[in-house]
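Per-entry structural report
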Amino acid sequence: PTEGSPLTPVATVSRYACQRRTTLENHNKKFTDAFEVLAESYEFNNMERPCLAFRRATSVLKSLPCAVRCLGATQDLPCLGQHTKKVIEEVLQCGRSFEVEELLSDERYQTFKLFTSVFGVGPKTAEKWFCRGLRSFSDILTDHSIHLNRMQQSGFLHHGDISRAVSAAEARSLRSVIDGAVHCVTPAATVALTGGFHRGKEFGHDVDFIVTTPELGEEESLLPNVIDELKKQGILLYCNYQASTFDMRKLPNHHFEAMDNFAKCFLILRLESSQVEGGLHCAEGDIRGWRAVRVDLVSPPVDRYAFALLGWTGSRQFERDLRRFAQVERGMILDNHALYDKKKKEFLAASTEKDIFAHLGLEYMEPWQRNA
Ligand code: TTP
Ligand code: MN
Ligand code: MN
Ligand code: MN
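Residues numbered from 1 in each chain as written. Chains lettered and ligands numbered in written order. Predicted model: local features only at pLDDT ≥ 70, side-chain atom pairs only at ≥ 80, totals over all residues. Heavy atoms only, no water.

Quick look at the overall build of the protein now. Regarding its fold elements, the protein presents 16 helices and 10 strands. Dimensions of the protein, computed from C-alpha atoms along their principal axes, come out at roughly 65 × 55 × 40 Å. Looking at the protein as a whole, 49% of its 372 residues qualify as buried. Accessible area of the protein: about 18,400 Å², with a carbon and sulfur share of 52%. Taking the average place of the 46 positive charges on the side chains of the protein and the average place of its 49 negative ones, the gap between the two points comes to 3 Å. (Helix = DSSP H or I, 4+ residues; strand = E, 2+ residues; numbered from the N terminus. Buried < 20%, exposed > 50% of the residue type's maximum accessible area, 1.4 Å probe, protein only. Areas by Shrake-Rupley, 256 points an atom, 1.4 Å probe, with all protein chains shown as cover. Lys, Arg positive; Asp, Glu negative; His and termini not counted. Charge placed at Lys NZ, Arg CZ, Asp CG, Glu CD.)

This is the structure in structure tokens:
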């Protein structure tokens, strides 16, 4: 039977990524790569809606168990509008999308892509620099009217290293570095890998960890002490520490883009080549004997651990849809700190991620199935 034939009932695909098991195996990469360029370009132009539309479409195609071979195969899929279908059709017919090709050679797109590849530079800063006529790193670094903040200065300084992907072997090595530093300052503390590597990715742009202590309140001093320890070891190249602003009486915020209020730090660490099985994933670094890597640490109070873990495991699209599902389908508000039932007017406690899925009436999904 052919795909889409009325004789072969196909399970309907949910509109929510949190109801689609999405592994890293993407059978529709040629479409999703095109969509991602379009989404990014809309993001650069501050056009949130079409950006999100392409991100949703990307996520739907990533969840499919096989490749889309004709436009008809997309007719029952959610989140695919006219524009996305036009791109699919072009890719099916010509192997590429002209709109995407045009963007890839567009000066504005290329410049935004270059500028936002710097740690500490987002679309707003890229826009400001682009409008001033700046087009290259040397344009920026030689323009003395431009003020770079500390994060951006480190971003430029370590750009060569941190723009290179981090490998799973490097992530494992960093895990023991962080484990060592955390246990040195607080023996009872726990460290868990989160983010993309927790979802089973082979490569990432950084490595994310959640650290906490079994004693409520003790997490307050945890990160500052860990940072001191990393400094003492001589491997702290950059640190942006944000103390907790968490207020447990506050209602959660369903807006995903709102950052959480836990204590966290965005770091650049020095990773020794000799500590990584098979060497560094960065040729220059291997010659030098070390490379710079981006590491994020977050330390929630232990009673919020499950919410923080669920929020930081991602993917971003999975998180967006989890919150949207909670809000629209359940009348609940979910964020990285808590889950609140609006009808019952009460907070729903959770000590594991499974508890949160259960409160939401969702089937549990393993981290490796959350690559939406
Ligand atoms: P990222 O590290 O940005 O993304 P990733 O690990 O999925 O992929 P990559 O390989 O590119 O690193 O973010 C991980 C998750 O953390 C993501 O779901 C968003 C979440 N997050 C927060 O919830 N709050 C924050 O303040 C930050 C910085 C991230
Ligand atoms: Mn990450
Ligand atoms: Mn991160
Ligand atoms: Mn809203």
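Another point: the side chain of E170. Along the polypeptide, E170 turns up in helix α10 (residues 168-185). A distance of 2.9 Å separates a polar side-chain atom of E170 from the backbone nitrogen of S167. Residues in contact with E170, not counting those within four places in the same chain, are A165, L271, V276, L280, H281, C282 and R291. (Polar contact = N/O pair within 3.5 Å; in protein donor to acceptor, adjacent residues only side chain to side chain. Contact = heavy atoms within 4.5 Å.)

The 3 strands are arranged β8-β9-β10 in an open sheet whose pairing can be described as antiparallel. For this open sheet the edge positions go to β8 (332-334) and β10 (346-347), each flanked by a neighbour on one side alone. Strand direction decides the pairing type here: strand β9 (residues 339-341) and β10, joined by 2 bridges, are antiparallel. Opposite D341, over in β10, you have E346 as the bridge partner. (Pairing = 2+ DSSP bridges.)

What follows concerns the site of ligand 1. As a matter of local geometry, ligand 1 sits amid 18 residues, with G196, K201, H205, D206 and N336 nearest to it. Interatomic distance of 2.8 Å between a backbone N/O atom of G196 and an oxygen atom of ligand 1. Contributing elements (two or more residues each) for the shell around ligand 1: α11 (195-198), β6 (263-272), α14 (305-313) and α15 (316-330). Taken together, the residues of the shell around ligand 1 break down into 3 nonpolar, 7 polar and 8 charged. For the shell around ligand 1, the domains that each give at least three residues are domain 3 (166-303) and domain 4 (309-369). (Near = heavy atom within 4 Å. Nonpolar A, V, L, I, M, F, W, Y, C, P; charged D, E, K, R; others polar. Domains from an automatic or database assignment.)

Moving on, we get to the pairing of strand β4 (residues 207-212). Most of β4 is tucked away: 6 of the 6 residues are buried. One ladder, built from 5 bridges, connects strand β2 (residues 190-194) with β4; its direction is antiparallel. Residue pairing across strands places L193 opposite F209, the latter belonging to β4. Strand direction decides the pairing type here: β4 and strand β7 (residues 290-299), joined by 4 bridges, are parallel. Looking across to β7, one finds that F209 is bridged to L297.

Among the structural elements, A165 can be located in the loop between α9 (159-162) and β1 (166-167). Judged by its relative accessible area of 29%, A165 falls in the partly exposed class. Sequence separation between A165 and D206 is 41 residues; the distance between their C-alpha atoms is 7.8 Å. Leaving out residues up to four positions away in the same chain, A165 has contacts with E170, F203, G204, H281 and R291.

Once that is clear, we can look at the coordination of the manganese ion (ligand 2). The coordination sphere of the manganese ion (ligand 2) contains the protein donors D206 (OD) and D208 (OD), at a distance range of 2.1 Å. Between the manganese ion (ligand 2) and the manganese ion (ligand 3), a separation of 3.5 Å is found, and both are coordinated by D206. (Donors = N, O, S within 2.8 Å, 3.2 Å for Na, K, Ca; no water.)

This next bit is on the sheet that holds β4. In space, the 5 strands of this open sheet follow the order β2-β4-β7-β6-β5, with mixed pairing throughout. The two strands at the open ends of the sheet, each matched to only one other strand, are β2 and β5 (236-242). Across the sheet, the axes of successive neighbouring strands diverge by a mean angle of 25°, strand direction being ignored. Pairing geometry for β5 and β6, over 6 bridges, is antiparallel. When the sheet's bridge partners are listed, C239 is paired in β6 with L267. In this fold α10 packs onto β2, β4, β6 and β7, with an angle of close to 25° to the strand it touches most, β4. Together, β2, β4, β6 and β7 form the strand contacts of α14, whose direction differs from that of β4 by roughly 180°. (Axes fitted to C-alpha atoms, helices over the stretch in contact; angles between N-to-C directions.)

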